[in-house]
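# Architecture and fold: a report
Listed below, chain by chain, are the residues.
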Protein chains: 2
Amino acid sequence: MPELSQENLDGIYAFAVQLGKDAGRMLLDAARLRYSDDRKLEQDHVEKDNAVDLVTQTDEDVEAFIKGQIAAKYPSHKFIGEETYSKGASRAYLIDDEPTWCVDPLDGTVNYIHLFPMFCVSIGFIVNSIPTIGIIYAPFLSQLFTACRGRGAFLRTHDGPPQPLPLVRHPVPPMPAKAPSGCVFSCEWGKDRRDRPDGNMHRKVESFVNMAAEVGGRDGKGGMVHGVRSLGSATLDLAYVAMGAFDIWWEGGCWEWDVAAGICILQEAGGLVTTANPPDDPSTAPIEDVRLGSRLYLAIRPAGPSEMETGRQGQERTVREVWRRVRRLDYSRPGA
Amino acid sequence: MPELSQENLDGIYAFAVQLGKDAGRMLLDAARLRYSDDRKLEQDHVEKDNAVDLVTQTDEDVEAFIKGQIAAKYPSHKFIGEETYSKGASRAYLIDDEPTWCVDPLDGTVNYIHLFPMFCVSIGFIVNSIPTIGIIYAPFLSQLFTACRGRGAFLRTHDGPPQPLPLVRHPVPPMPAKAPSGCVFSCEWGKDRRDRPDGNMHRKVESFVNMAAEVGGRDGKGGMVHGVRSLGSATLDLAYVAMGAFDIWWEGGCWEWDVAAGICILQEAGGLVTTANPPDDPSTAPIEDVRLGSRLYLAIRPAGPSEMETGRQGQERTVREVWRRVRRLDYSRPGA
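Residues numbered from 1 in each chain as written. Chains lettered and ligands numbered in written order. Predicted model: local features only at pLDDT ≥ 70, side-chain atom pairs only at ≥ 80, totals over all residues. Heavy atoms only, no water.

Per an unreviewed UniProt entry, chain A carries the name Inositol-1-monophosphatase and comes from Cryomyces antarcticus. The heading Sequence similarities (unreviewed entry) in the UniProt record of chain A holds the text "Belongs to the inositol monophosphatase superfamily." Listed under Catalytic activity (unreviewed entry) in UniProt, the entry text for chain A is "a myo-inositol phosphate + H2O = myo-inositol + phosphate". (UniProt positions renumbered as here; feature names shortened; annotations may be inferred.)

### Overview of the relation of the copies chain A and chain B
Taken as rigid bodies, chain A and chain B are interconverted by a rotation of 180° and an axial shift of 0.0 Å, the fit giving an RMSD of 0.0 Å. These values place the two chain copies in the arrangement generated by a two-fold rotation axis. When C-alpha positions in chain A are compared against the rotation axis, the closest is assigned to Ser230(A), at 2.4 Å. Taken as a fraction of all interface residues of chain A, those also at the interface in chain B reach 100%, which identifies the copy contact as same-surface. (Least-squares fit on C-alpha atoms with pLDDT ≥ 70 in both. Contact = heavy atoms within 4.5 Å.)

### A look at the interface of chain A and chain B
Between chain A and chain B, the contact holds 60 residues from the first and 60 residues from the second. When chain A packs against chain B, close to 5,300 Å² is buried across both sides, 61% of that on carbon and sulfur atoms. Looking only at chain A, the three residues that lose the most surface to chain B are His170(A), Trp189(A) and His226(A), adding up to 14% of its buried area. In this assembly, chain A and chain B are joined by 2 salt bridges. Between Arg32(B) and Asp159(A) there is a salt bridge, and its shortest N-O distance comes to 3.6 Å. (Buried area = accessible area lost by both parts, 1.4 Å probe. Salt bridge = Lys/Arg side-chain N within 4 Å of Asp/Glu carboxyl O.)

### Some words on the domain arrangement of chain A
Residue and element names in this part refer to chain A. Examined at the domain level, chain A breaks down into domain 1 (6-164) and domain 2 (184-323). With centres defined by C-alpha atoms, the gap from domain 1 to domain 2 works out at 23 Å. Each side of the interface is counted separately: domain 1 has 42 residues, and domain 2 has 25 residues. Each partner contributes to the roughly 2,600 Å² buried at the junction of domain 1 and domain 2, and carbon and sulfur atoms together form 69% of this total. When the area that domain 1 buries against domain 2 is broken down by residue, the three leading residues are Met118, Pro131 and Phe145, summing to 20%. At the junction of domain 1 with domain 2, the criterion picks out 0 salt bridges. Breaking the side of domain 1 that touches domain 2 down by element, the ones donating at least two residues are α3 (82-86), β4 (100-107), β5 (120-127), β6 (130-138), β7 (143-148) and β8 (153-156). Here the element with the most residues in the side of domain 1 that touches domain 2 is β6; it accounts for 7 residues. Class assignment for the residues of the side of domain 1 that touches domain 2 results in 24 nonpolar, 11 polar and 7 charged. (Domains from an automatic or database assignment. Helix = DSSP H or I, 4+ residues; strand = E, 2+ residues; numbered from the N terminus. Nonpolar A, V, L, I, M, F, W, Y, C, P; charged D, E, K, R; others polar.)

### Digging into helix α6 (residues 234-243) of chain A
Of all 10 residues in α6(A), 10 are buried; the element is thus mostly enclosed. Turning to α6(A), its buried residues number three or more, namely Ala234(A), Thr235(A), Leu236(A), Asp237(A), Leu238(A), Ala239(A), Tyr240(A), Val241(A), Ala242(A) and Met243(A). (Buried < 20%, exposed > 50% of the residue type's maximum accessible area, 1.4 Å probe, protein only.)

### Regarding the state of the cysteines
Counting across every chain of the model gives 0 disulfides over all chains. Here Cys183(B) is not disulfide-linked; the sulfur of Cys187(B) is the nearest cysteine sulfur, at 13 Å. Using a relative accessible area of 0% as the deciding quantity, one classes Cys183(B) as buried. The thiol sulfur of Cys187(B) is not disulfide-bonded, and the nearest other cysteine sulfur, from Cys187(A), lies at 10.0 Å. For Cys187(B), a relative accessible area of 1% translates into the label buried. (Disulfide = S-S within 2.5 Å.)

### A word on the nonpolar core
Ranked by size, the top nonpolar core spans 164 residues in total, and within it Trp101(A), Tyr240(A), Trp101(B) and Tyr240(B) carry the most contacts. Those residues in contact with Tyr240(A), other than ones at most four positions away along the chain, are Met118(A), Leu141(A), Gln143(A), Phe145(A), Leu231(A), Ala245(A), Phe246(A), Phe116(B) and Pro117(B). Counting 60 residues, the second-largest nonpolar core is a separate cluster that includes Ala213(A), Trp250(A), Val228(B) and Ile300(B). (Core = buried A, V, L, I, M, F, W, Y, C linked by side-chain atoms within 4.5 Å.)

### Observations regarding the sheet that holds strand β10 (residues 184-186) of chain B
Residues and elements named next belong to chain B. Ordered by their spatial adjacency, 5 strands build an open sheet running β11-β10-β12-β14-β13, and the pairing between neighbours is mixed. Across the chains shown, the open sheet's two edge strands, defined by having one partner strand only, are β11 (227-229) and β13 (272-274). Across the sheet, the axes of successive neighbouring strands diverge by a mean angle of 15°, strand direction being ignored. Of the pairings in the sheet, the one linking β10 to β11 comprises 3 bridges and is parallel in character. (Pairing = 2+ DSSP bridges. Axes fitted to C-alpha atoms, helices over the stretch in contact; angles between N-to-C directions.)

### A few points about the pattern of salt bridges
Summed over all chains, the structure comprises 30 salt bridges over all chains. Its salt-bridge partner being Glu206(B), residue Arg327(B) comes within 2.9 Å of it at the nearest N-O pair. Taken together, the residues Arg327(B) in the segment after α8 (311-323) and Glu206(B) in helix α5 (residues 200-212) connect sequence positions 121 residues apart. Looking at Arg327(B), the relative accessible area reads 24%, which means it is partly exposed. Accessibility expressed as a relative area gives 30% for Glu206(B), which makes it partly exposed. Where Glu321(B) meets Arg325(B), a salt bridge forms, and the shortest distance between an N and an O atom there is 2.8 Å. Relative accessible area serves as the criterion here: at 23%, Glu321(B) is assigned to the partly exposed category. A single salt-bridge network, built from bridges that share partners, covers Asp198(A), Arg203(A), Glu206(A) and Arg327(A).

### Let's talk about the packing of aromatic side chains
Per the stated rule, a full pass over the model turns up 32 aromatic pairs over all chains. Taking the centre distance of 6.4 Å and the plane angle of 75° together, the rings of Phe208(A) and Trp189(B) count as edge-to-face. Taken together, the positions of Phe208(A) in helix α5 (residues 200-212) and Trp189(B) in the loop between β10 and α5 put the pair across two chains. Connected via pairs of aromatic rings, a cluster forms that spans Phe185(A), Trp189(A), Phe208(A), Trp250(A), Phe185(B), Trp189(B), Phe208(B) and Trp250(B). Sitting over the ring of Trp255(A), Arg295(A) keeps its end group 3.8 Å from the ring centre. (Phe/Tyr/Trp six-rings, centres within 6.5 Å; stacked < 30°, edge-to-face > 60°. Lys NZ or Arg CZ within 6 Å of the ring centre and 35° of its normal.)

Right, here's the structure in full:
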């Protein structure tokens, strides 16, 4: 297995940051064509799986650009992209120990089509199965999130210097003593809207209501979170957990290209990512690191110590409190 | 009742735009203190109604600034602000035909505390009970929305010229033929989390699920919306409907200072605002203009004509399809 020197990694990181900027610029330019005064034609978009799952030509163009840049600079690296991958026969998990780029050229496609600003490009670089570089760029928001393993995570905007993540860090606040109360909870309705009793949609909604309801409600499961947010972008959900803006993100159904960059950024910021699905004993089960291809994700923001516990203890306590309130979701890999 | 000349209105509009910029800058500066490297103290915040309802010192400082600027420039105008108002004995509806400023110095307080970018200042100017000027500035997003009755609505960002709203306008797209299918649906969980059977929280969630579920599901109420979004800011929800990024916003429980500016901006962009609560016969009841103090709002984005109908007909069709799927909410005015 090739070991990457620190010097090589620096070069790859710089390349990835520039690649993210260039790809985000392509997204922005294509979006602006739709409302420029020279009345260029609106982009075509075609339906993929159903009306909720649209793919634009921009998606494919940006992925082709990213793939070409990587192939030219690092021809020995593997590439997994959302668009090329989803046209394949299966969605088997293809990431191994080889240096691999895992890319979503456009996360938040529905937002992009409607010009809601919460869309981005997501570029992850994975070595020995570990997300090692993460770049997320939301050009409509002028927010560029970057991280490289061992070097911290940062947010750059259109002005001012790069800000280390989490933003509030003098000191990093502990998790709330009564978490999930006091937490901003991020979750997504997703694409599986089948009205099946005990199907994923209803399990999700039951979990959302448990997290939202007053303390003492829902037969003791009421979490009274500070707010419930749904952005329509798993990638930006993770970025905002890394930033400290969201305390908890809980989701099933997304794919490794949605989360590879975000997991790197969150872990470098000091966050925790594990599985969304509660184990049989949520109070005592070990809290394992997330499996990248698991499609089930629970993320907790970076946390500092309190007088009672370390930051990690606060995060783990929060994981267990979430697990107590959420249902298991059924997302497997097609063909797996 | 004083009639405002067009010239006077131009002057008030220019004043209001600058006021919004200055107030937004105060919000941004205060937010940045929390993560600047000179380690200034984090702001204090105190609990108001419950853990979800926080008010910061910044709220009060910004409202005092806005109120003072208006009093100095237009001493005859009335002022209603969220912070001063909510300290009063009642929340009676105080807007009459006098020129009145209706201001929320910080909408999205929970977001602001957590540094999630979806917060803003909202400044409405109301004449003869009609929202006549609206300014919404979200400084973390560099998004400034402005409108003046008869002069259109605009979005300014940190670069480029002001963009007329809705953004996509060559032509403005019609409402989807099978709306709410194809629509981005914006809704908020709000602060009333009481776990009462048939209480507001459960009525809201039932409505959300109807809008989200597959067509044919939910005993025919499934709306299969394109996406469900929750930002935690009623003001920005309205701004994004005006922009065309959200197709539908449905909400109960907010107040006139949350929506006065947004309603002006949405109406100037060509959108429709009526009541959230479905009438007895949603198919045929007249679709009346929203009452500003009603606390119940249903907003539909600007829409162009299709081969089958005018833009307004498409909006009204969408209103009726939403009314078919949502529950009535119980939000009255305390003391009313």
